[in-house]
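Summary of the model geometry
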There are 2 protein chains.
Amino acid sequence: MENMGAFENICNLLRNHSYKVTPQRQTILHMFVEHVDRHLSAEEVYMLVKNENPEIGLATVYRTLDILADIGVLIKNDFGDGRTRYEFSRKDEHHHHHHLICLKCGNVSEFDDDLLESLEAVIMKRNHFKVSDHDLKFYGYCSNCDGTQ
Amino acid sequence: MENMGAFENICNLLRNHSYKVTPQRQTILHMFVEHVDRHLSAEEVYMLVKNENPEIGLATVYRTLDILADIGVLIKNDFGDGRTRYEFSRKDEHHHHHHLICLKCGNVSEFDDDLLESLEAVIMKRNHFKVSDHDLKFYGYCSNCDGTQ
DNA sequence: CTACGTGCAAATAATTTGCAGAGGA
DNA sequence: TCCTCTGCAAATTATTTGCACGTAG
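Residues numbered from 1 in each chain as written. Chains lettered and ligands numbered in written order. Predicted model: local features only at pLDDT ≥ 70, side-chain atom pairs only at ≥ 80, totals over all residues. Heavy atoms only, no water.

- An unreviewed UniProt entry lists chain A under the name Fe2+/Zn2+ uptake regulation protein, with Desulfosporosinus acidiphilus given as the organism.
- The heading Sequence similarities (unreviewed entry) in the UniProt record of chain A holds the text "Belongs to the Fur family." (UniProt positions renumbered as here; feature names shortened; annotations may be inferred.)

Take a look at the structure:
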């Protein structure tokens, strides 16, 4: 019921940005609402979405992901595997979260922290650089892939 | 004279890894020793290197950059502009450095800090994740591109 | 009704690879 | 000599775009 609300809110967000709410966009949106915690590539979204709507084209998926990232519904991520990955944005829940990327299985988990706010202030003064965003990734081995196992 | 030494050291490093020291690899290496502070794409390296050795092929540049990154001479970077960028590694000089990426002119500068060491310890315990490396980027506007100007 | 959206296929762009000849160790 | 390198062109991979048709508002 809470997720239903999220879905409707985003449809309105689309309309406010004068984007039309098409079946394809709805299908993709549903997908993300059901996989709030995943980091999916365009190809993966395409595969998952084809079950519900086999007619959909890959180009439409790319175009929709772009729009959803543009209006802040999705966050684009680059984990260095050569494809862009998208995650559902839950801006209200956390200030910032960083990613823990397993070098063996490729799984991505999250880590909350707002330590970097203070660093940004230091950078602004020390380097005359106006920070507007940051991106912190930790590479290593998750508990499943840990060398000690 | 100090850079000369660096060049010779790397040639030996190549030999130790049973890579041959070819003219092409030497040319590319020279390039980086002369541009220690830059973050170059394969295409850019190719262009710069063609002046000294017009015969060189782009594929060779890619292959050489891969090798040099593999033996720790170069560091691969992804600043989100769709191409991999390589910088000369000066491991001895700093523990870690992070990047400040200007969203307007695309220039990349550096920032030294080792604050994250302590964070890594927290992550290991809290998330059962064995951290082996991290990557921190700040996006914003450099002093030239600052909105206040 | 009309501008925006869609599917498809072709176009880009960065990088990789197969292969036959060249050249370091 | 011999196995690694190289240049070239063709192959791959992720993403974008042109176009004629379809449809949300």
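Now that the structure is up, let's keep going.
1. Quick look at the overall build of chain A
- Looking only at helices and strands, one finds five helices and six strands in chain A.
- For chain A, the C-alpha atoms occupy an extent of roughly 50 × 45 × 30 Å along the three principal directions.
- Counting all 149 residues of chain A, 40% fall into the buried class.
- Here the contacts in chain A between residues at least 6 apart in sequence split such that 43% fall between residues at least 24 apart.
- Summed over all atoms, the accessible surface of chain A reaches about 8,500 Å², with 48% contributed by carbon and sulfur. (Helix = DSSP H or I, 4+ residues; strand = E, 2+ residues; numbered from the N terminus. Buried < 20%, exposed > 50% of the residue type's maximum accessible area, 1.4 Å probe, protein only. Contact = heavy atoms within 4.5 Å. Areas by Shrake-Rupley, 256 points an atom, 1.4 Å probe, with all protein chains shown as cover.)

2. Description of the domain arrangement of chain A
Residues and elements named next belong to chain A.
- Here chain A is partitioned into domain 1 (3-88) and domain 2 (98-146).
- Summed over both partners, the interface of domain 1 with domain 2 comes to about 460 Å²; 51% of that surface belongs to carbon and sulfur atoms.
- In this assembly, domain 1 and domain 2 are joined by zero salt bridges.
- Linking domain 1 to domain 2 there are four residue pairs in polar contact (both at pLDDT 80 or more). (Domains from an automatic or database assignment. Buried area = accessible area lost by both parts, 1.4 Å probe. Salt bridge = Lys/Arg side-chain N within 4 Å of Asp/Glu carboxyl O. Polar contact = N/O pair within 3.5 Å; in protein donor to acceptor, adjacent residues only side chain to side chain.)

3. Some words on the environment of B:Val122
All names here are of chain B.
- By the element assignment, Val 122 lies in helix H5 (residues 116-127).
- Classification of Val 122 by relative accessible area gives partly exposed; the value is 34%.
- For the pair Val 122 and Asp 78, spaced 44 residues apart in the sequence, the C-alpha separation amounts to 26 Å.

4. Brief notes about the UniProt feature "binding site: Zn(2+)" (unreviewed entry) in chain A
Residue and element names in this part refer to chain A.
- When the UniProt feature table is mapped onto this chain numbering, "binding site: Zn(2+)" (unreviewed entry) sits at Cys 102, Cys 105, Cys 142 and Cys 145. A stretch of 44 residues holds the annotated residues, and the largest C-alpha distance among them is 8.3 Å, short enough that they meet in one place.
- The class for Cys 105 is partly exposed, based on a relative accessible area of 45%.
- Leaving out residues up to four positions away in the same chain, Cys 105 has contacts with Cys 142 and Cys 145.
- Setting aside anything within four residues of it in sequence, one finds Cys 145 in contact with Cys 102, Lys 104 and Cys 105.

5. Notes on helix H2 (residues 23-34) of chain A
- Along its twelve residues, H2(A) runs 16 Å from first to last C-alpha, staying within 8% of the 16 Å computed at 1.5 Å per residue.
- Here H2(A) has its buried residues at A:Thr27, A:Ile28, A:Leu29, A:Met31, A:Phe32 and A:Val33. (Expected span 1.5 Å × (residues − 1).)

6. Brief notes about the interface of chain A and chain B
- In this assembly, 36 residues from chain A lie in contact with 36 residues from chain B.
- In total, about 3,000 Å² of surface goes out of reach between chain A and chain B, with carbon and sulfur atoms giving 65% of it.
- Three residues stand out in chain A for area buried against chain B, namely A:Phe129, A:Lys130 and A:Phe138, and they jointly supply 21% of the buried area on that side.
- Taken together, the links from chain A to chain B amount to zero salt bridges.
- Counting residues per element, the ones that place at least two in the side of chain A that touches chain B are strand S4 (97-102), strand S5 (108-112), helix H5 (116-127) and strand S6 (130-141) of chain A.
- Per-element tally for the side of chain A that touches chain B: the top contributor is S6(A), with twelve residues.

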